[in-house]
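Here is what each chain is made of, one letter per residue.
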Amino acid sequence: MTTLHVDLGPRGYDIVVTSGTDAALADFIRRCCSATSALVVTDRVVRPHAEQVGELLRQQGLRTGLAVRPPGEEQKSLAVAAELYDALLDLPADRRTLVVAVGGGVIGDLAGFVAATYARGLDLLMVPTTLLAMVDSSVGGKVAVNHPRAKNLIGCFHQPRGVWIDLHTLRTLPDREYRSGLAEVVKYGVSLDADFFAWLESNAERILRRDPELLEHIVVRCCRLKADIVARDERDETGLRAVLNYGHTFAHAFETAAGYGRWLHGEAVAAGMVCASRLAERRGLIPSQLTERQRALLSRLGLPTAPEPWDRAVLLAAMRSDKKALAGKMRFILPRRLGEVALFDDVAAADVESVLAELQRTPAAAGHA
Ligand code: GLY
């Protein structure tokens, strides 16, 4: 078991990385908060795991409710959030109710948004069950639902009281979901840690086989990198936390253009990183070999490396509505070298369009999933 701390003073919390959810989770919850009741929010796919978590809470004397949603990005809506408010009222919830998110990024974002907004904020515990949620979305307090025209637009910051990562849940994660998480893992390498990127290149086959030792290394490394960034720029204000959004301006536009749920988030991030890297090449920031290294690793990991032929006017409109846009200007995170990226707000729409057009013509863009 490895414990990492997110150093946010009074809002600080621990991330536990372990294998096998057991009584230690109940102790962890007791240390994190003083809840007397809990609403466990999950999706149908991981319902048995959520029921196990609920049972541990009941053994600790907590009154519990279970809200089970269908899987999929479409769940991240205000309408579904309203249904969860009803579930909290039915519990009935009070100020000592804990919301427990057991699932992937969708459940974490949705349940986190509900916890942040119900009765001006309830305690939240993240129990991520997908690689993507373990390495990224469950840490750092960004919670949101989607607007039909822009992803994650309706949201806020609401730090969890703790994050409990059970690597055993990765054993049954569908391949496509697993690979989607690997895109965020690659993102950490390109944005923050060149050695980690090279390690991923050297171990791609063992990573695809889900070697438990490697998985632990990956999850701990990514959580450490993220915890350090979040501790220094919790509310995404100084440009530091923005580095975690490498590939995401393109990715959010791809997810919106495809229709929420058709491309998984990590798949869109993979293609988005290649686009951002090409954009960096056009500015003379990096040589083409760096884009090629990313493209090669992402395709070995079974991820898309180019967008589908979506209407570029639609993509550009989505990028202008992106949360990162400021004063109508699109903002992109671009690599300067392997392990270092920076925020740029002076990218010309014509350059973005050229990169999209070029990549949409590659064989990798022929269609996906
Ligand atoms: N996923 C980006 C962030 O948490 O800031």
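Residues numbered from 1 in each chain as written. Predicted model: local features only at pLDDT ≥ 70, side-chain atom pairs only at ≥ 80, totals over all residues. Heavy atoms only, no water.

(A) Quick look at the site of the ligand. Every residue near the ligand is listed here: Asp136, Lys142, Lys226, Arg241, Leu244 and Asn245. Lys226 is positioned such that a nitrogen or oxygen atom in its side chain is 2.6 Å from an oxygen atom of the ligand. Arg241 places a side-chain nitrogen or oxygen 2.7 Å from an oxygen atom of the ligand. Considered on its own, the ligand offers 200 Å² of accessible surface; in the complex 90% of this is hidden by protein. Of the residues contributing to the shell around the ligand, the split by class is one nonpolar, one polar and four charged. (Near = heavy atom within 4 Å. Polar contact = N/O pair within 3.5 Å; in protein donor to acceptor, adjacent residues only side chain to side chain. Areas by Shrake-Rupley, 256 points an atom, 1.4 Å probe, with all protein chains shown as cover. Nonpolar A, V, L, I, M, F, W, Y, C, P; charged D, E, K, R; others polar.)

(B) Seen up close, the packing of aromatic side chains. Applying the stated criterion across every chain, the model contains eight aromatic pairs. A centroid spacing of 5.9 Å and a plane angle of 10 degrees characterise the contact between Phe196 and Trp199, whose relative ring orientation is stacked. Of this pair, Phe196 and Trp199 are both found in helix α7 (residues 194–202), three residues apart, which corresponds to roughly one turn of the helix. Given the relative accessible area of 3%, Phe196 is considered buried. (Phe/Tyr/Trp six-rings, centres within 6.5 Å; stacked < 30°, edge-to-face > 60°. Helix = DSSP H or I, 4+ residues; strand = E, 2+ residues; numbered from the N terminus. Buried < 20%, exposed > 50% of the residue type's maximum accessible area, 1.4 Å probe, protein only.)

(C) Geometry of the packing of helix α3 (residues 78–90) against helix α4 (residues 105–117). At a closest axis distance of 10 Å, the pairing of α3 and α4 adopts a crossing angle of 60 degrees. It follows that α3 is oblique to α4 by the angle criterion. The handedness of the crossing between α3 and α4 is right-handed. Residues Leu78, Val80, Ala81, Leu84, Tyr85 and Leu88 of α3 form the contact with α4, whose own contacting residues are Leu110, Phe113, Val114 and Thr117. Looking at the contact of α3 with α4 residue by residue, the class counts come to nine nonpolar, one polar and no charged. (Axes fitted to C-alpha atoms, helices over the stretch in contact; angles between N-to-C directions. Parallel < 35°, antiparallel > 145°, perpendicular 65-115°, else oblique. Left-handed = near helix turned anticlockwise from the far one by under 90°. Contact = heavy atoms within 4.5 Å.)

(D) Representation of the environment of Asp351 within the structure. Topologically, Asp351 is positioned in helix α14 (residues 349–360). For the pair Asp351 and Arg282, spaced 69 residues apart in the sequence, the C-alpha separation amounts to 7.9 Å. Excluding residues that lie within four positions of it along the chain, Asp351 makes contacts with Leu279 and Arg282. For Asp351, the side chain forms a polar contact with the side chain of Arg282, separated by 3.4 Å.

(E) Focus on the nonpolar core. In terms of nonpolar packing, the biggest core is built from 107 residues, with Phe250 and Val352 touching the most fellow members. With eleven residues, the top contributor of residues to this core is helix α9 (residues 212–232). Leaving out residues up to four positions away in the same chain, Val352 has contacts with Phe250, Leu279, Leu316, Met319, Met330, Phe332 and Val347. Among the nonpolar cores identified, the runner-up in size contains 20 residues, and Ile29, Leu56, Leu98 and Val100 belong to it. (Core = buried A, V, L, I, M, F, W, Y, C linked by side-chain atoms within 4.5 Å.)

(F) Layout of helix α1 (residues 23–32). Considered for burial, the residues of α1 that qualify are Leu25, Ala26, Phe28, Ile29 and Cys32. Here the buried residues of α1 occupy an arc of 160 degrees about the axis, which is enough to place them on one side. Facing away from the buried side of α1 by over 90 degrees, the exposed positions are Ala23 and Arg31. Elements in contact with the buried residues of α1: β2 (13–18), α2 (47–59), β5 (97–103), β6 (123–128) and β9 (162–166). (Arc of directions from axis to C-beta.)

(G) Representation of helix α11 (residues 265–282) within the structure. Here α11 contains 18 residues, and its C-alpha end-to-end distance of 26 Å stays within 8% of the 26 Å for a straight helix at 1.5 Å per residue. Among the 18 residues that make up α11, 17 are buried, leaving the element largely enclosed by the rest of the structure. The positive-phi residue at the C-terminal boundary of α11 is Gly284, with phi of around 75 degrees. (Expected span 1.5 Å × (residues − 1).)

(H) Looking closely at the environment of Ala81. Inspection of the secondary structure puts Ala81 in helix α3. By relative accessible area, which is 0% here, Ala81 ends up buried. C-alpha of Ala81 to C-alpha of Leu25: the two residues are 56 residues apart in sequence and 26 Å apart in space. What Ala81 contacts, discounting residues up to four positions off in sequence, is Leu110, Phe113 and Val114.

(I) Just the pairing of β5, in detail. Counting buried residues along β5, seven of its seven residues qualify, which places the element largely inside the surrounding structure. By the alternation rule, side chains of β5 split into Thr97, Val99, Ala101 and Gly103 and Leu98, Val100 and Val102, which are all buried. Sheet topology note: the strand β3 (residues 37–43)/β5 ladder contains six bridges and is parallel. The residue of β5 that forms the bridge with Val41 is Ala101. As judged from the six bridges shared by β5 and β6, these two strands associate in the parallel manner. Residue pairing for β6: Ala101 is matched across the bridge by Met126. Of the crossover connections in this fold, the one passing from β5 over α4 to the parallel β6 is right-handed. (Pairing = 2+ DSSP bridges. Right-handed = clockwise from strand over helix to strand, strands pointing away.)

(J) Fine view of the side chain of Thr169. Relative to the helices and strands, Thr169 is located in the loop between β9 and α6 (175–192). If sequence neighbours within four positions are ignored, Thr169 has contacts with His49, Pro128, Thr129 and Met134.

(K) A look at the pattern of salt bridges. Scanning the entire structure with this criterion turns up 29 salt bridges. The shortest N-O distance in the salt bridge between Arg278 and Glu358 comes to 2.7 Å. You can see Arg278 sitting in helix α11 and its partner Glu358 sitting in helix α14, a full 80 residues away along the chain. Looking at Arg278, the relative accessible area reads 17%, which means it is buried. You can call Glu358 partly exposed: its relative accessible area is 22%. The structure contains a network of salt bridges with shared partners spanning Glu73, Lys76, Asp109, Lys151 and Glu255. (Salt bridge = Lys/Arg side-chain N within 4 Å of Asp/Glu carboxyl O.)

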